[in-house]
Amino acid sequence: MELFALCLDALLEPEPLRKCQQTHTLYMYWKSGRVCCDWESPVLEIMEPGRPDRPVLVPPQAVPRRKVASNKGRAALIHAITHIEFNAINLALDAAYRFRGLPNAYYGDWLKVAAEEATHFKLLRTHLQSLGYDYGEFPAHNGLWEMAVKTAHDPLVRMALVPRVLEARGLDATPAIVEKLKTVHDQKAVEILATIERDEIGHVAIGSRWYLYLCQKRDLDPLKMFRNLLDEYDAPPLKPPFNIDGRRAGGFSESELLWLRSL
């Protein structure tokens, strides 16, 4: 079986549970050594990955505010996180599919990330269903995939701006979300977010590892390059409070953390 064809099939699959199953199967095949790589296969431009007709995608500022005091507000919050995890499956699959000629460990890392994101999606969707709603019933935005399109030309830029900006922002936001959910005694959601936070630290660390690898290969200063890329690609602004311990575990250097503290 050929890695990039399997990645593309899963990436373009629109039905969420089939996408999750294909992603888990692909990672199992990789771990068992049943996958080869056709380095000469063409890399397709993918403006939109496979996704269901719903949720309706709107600009980020048009997504309704989510207050957890009501059941619907809590469901909307869970839905927003579920949508992030669905997009994260596509982002990880695209990272494995798009960038060629990297060490085998790179592909194994991103297939692992994709499989874990698929698990997160299924956990969150099941919980959302227990609240009387399902994935697709609330509007959502497409910011994560838009950044994937902007960074499709260079793995260094992708590693800098997706795992080390967008996913790391999730590490910063999770503690406050957990506290909100505790106020409404949603212990199941709190447990799911604990699992996601643990895994997401690993995902940010994978992004950091390959970002630093590529910086070293190109003789670039990682912190200077990171700051330049934030400006060049108009990345979402880095705003405190920062999860310093989570970012440190995710591979941020002490010089980067010192810079973040100065913001």
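The structure under discussion appears in the preceding block.
This structure is a prediction, so every number in the text was calculated from the model and none was measured.

**Things to note about the overall build of the chain**
- When you go through the chain residue by residue, the secondary structure sums to 10 helices and 0 strands.
- Listing each helix as α and each strand as β along the chain from the N terminus yields α-α-α-α-α-α-α-α-α-α.
- The globule rule puts the C-alpha radius of gyration for 263 residues at 18 Å, and the 18 Å found for the chain is close to it.
- Its C-alpha atoms give the chain principal-axis dimensions of roughly 50 × 45 × 30 Å.
- Looking at the 263 residues of the chain, the share that counts as buried comes to 54%.
- Summed over its atoms, the accessible surface of the chain is roughly 12300 Å², and 55% of this surface lies on carbon and sulfur atoms.
- Taken together, the 33 basic and 34 acidic charged side chains of the chain have centroids lying 4 Å from each other.

**Regarding the packing of aromatic side chains**
- Under the definition given, this model contains 13 aromatic pairs.
- Ring centres of Trp210 and Tyr213 lie 5.2 Å apart, and the angle between their planes is 75 degrees; this geometry places the pair in the edge-to-face category. Of this pair, Trp210 and Tyr213 are both found in helix 7 (residues 187–217), 3 residues apart, which corresponds to roughly one turn of the helix.
- Residue class for Tyr213 comes out partly exposed when judged on its relative accessible area of 26%.
- Arranged with centres 6.4 Å apart and planes meeting at 65 degrees, the rings of Tyr211 and Phe226 form a pair that is edge-to-face. Residue Tyr211 is found in helix 7, and its partner Phe226 is found in helix 8 (residues 222–232); the two are separated by 15 residues along the sequence. With respect to burial, Tyr211 and Phe226 carry one shared label: buried.
- Clustering of aromatic rings is evident, with ring pairs tying together Phe4, Trp39, Tyr106, Tyr107, Trp210 and Tyr213.
- It is Arg100 that lies over the ring of Phe4; its NZ or CZ is 3.7 Å from the centre.
- Lying across the ring of Phe252, Arg164 places its NZ or CZ 4.2 Å from the centre.

**Here's the deal with a positive patch on the surface**
- On the surface, Arg65, Arg66, Lys67 and Lys180 cluster together into a positively charged patch.
- Secondary-structure assignment places Lys67 in the loop between helix 2 (16–31) and helix 3 (71–98).
- Note on Lys67: relative accessible area 59%, which makes it exposed.

**Observations regarding the pattern of salt bridges**
- Going through the model one piece at a time under the given rule, you end up with 15 salt bridges.
- With a closest N to O distance of 2.8 Å, Arg164 and Glu256 form a salt bridge. Highlighted residues: Arg164 in helix 6 (residues 155–183) and Glu256 in helix 10 (residues 254–262), separated in sequence by 92 residues. Of the two residues, Arg164 and Glu256, both sit in the buried class.
- Among the salt bridges present, the one from Arg198 reaches Asp199, with a minimum N-O distance of 3.0 Å.
- A single salt-bridge network, built from bridges that share partners, covers Asp94, Arg98 and Arg158.

**Digging into the side chain of Thr151**
- In this structure, Thr151 sits in the loop between helix 5 (143–150) and helix 6.
- Beyond its immediate sequence surroundings of up to four residues, Thr151 is in contact with Phe99, Val157, Arg158, Leu161 and Val162.

**As for the environment of Asp94**
- Position of Asp94 among the secondary structure elements: in helix 3.
- A residue is classified by how much of its surface remains accessible, and Asp94, at 1% relative accessible area, is buried.
- For Asp94 and Glu2, which are 92 residues apart along the polypeptide, the C-alpha to C-alpha distance reads 15 Å.
- Contacts of Asp94, omitting those with residues within four sequence positions, involve Leu11, Ile46, Trp145 and Arg158.

About the criteria used
Residues numbered from 1 in each chain as written. Predicted model: local features only at pLDDT ≥ 70, side-chain atom pairs only at ≥ 80, totals over all residues. Heavy atoms only, no water. Helix = DSSP H or I, 4+ residues; strand = E, 2+ residues; numbered from the N terminus. Rg over C-alpha atoms; globule rule 2.2 N^0.38 Å. Buried < 20%, exposed > 50% of the residue type's maximum accessible area, 1.4 Å probe, protein only. Areas by Shrake-Rupley, 256 points an atom, 1.4 Å probe, with all protein chains shown as cover. Lys, Arg positive; Asp, Glu negative; His and termini not counted. Charge placed at Lys NZ, Arg CZ, Asp CG, Glu CD. Phe/Tyr/Trp six-rings, centres within 6.5 Å; stacked < 30°, edge-to-face > 60°. Lys NZ or Arg CZ within 6 Å of the ring centre and 35° of its normal. Patch = residues over 30% accessible without salt bridge, like charges linked within 9 Å, V, L, I, M, F, W, Y side chains within 5 Å. Salt bridge = Lys/Arg side-chain N within 4 Å of Asp/Glu carboxyl O. Contact = heavy atoms within 4.5 Å.

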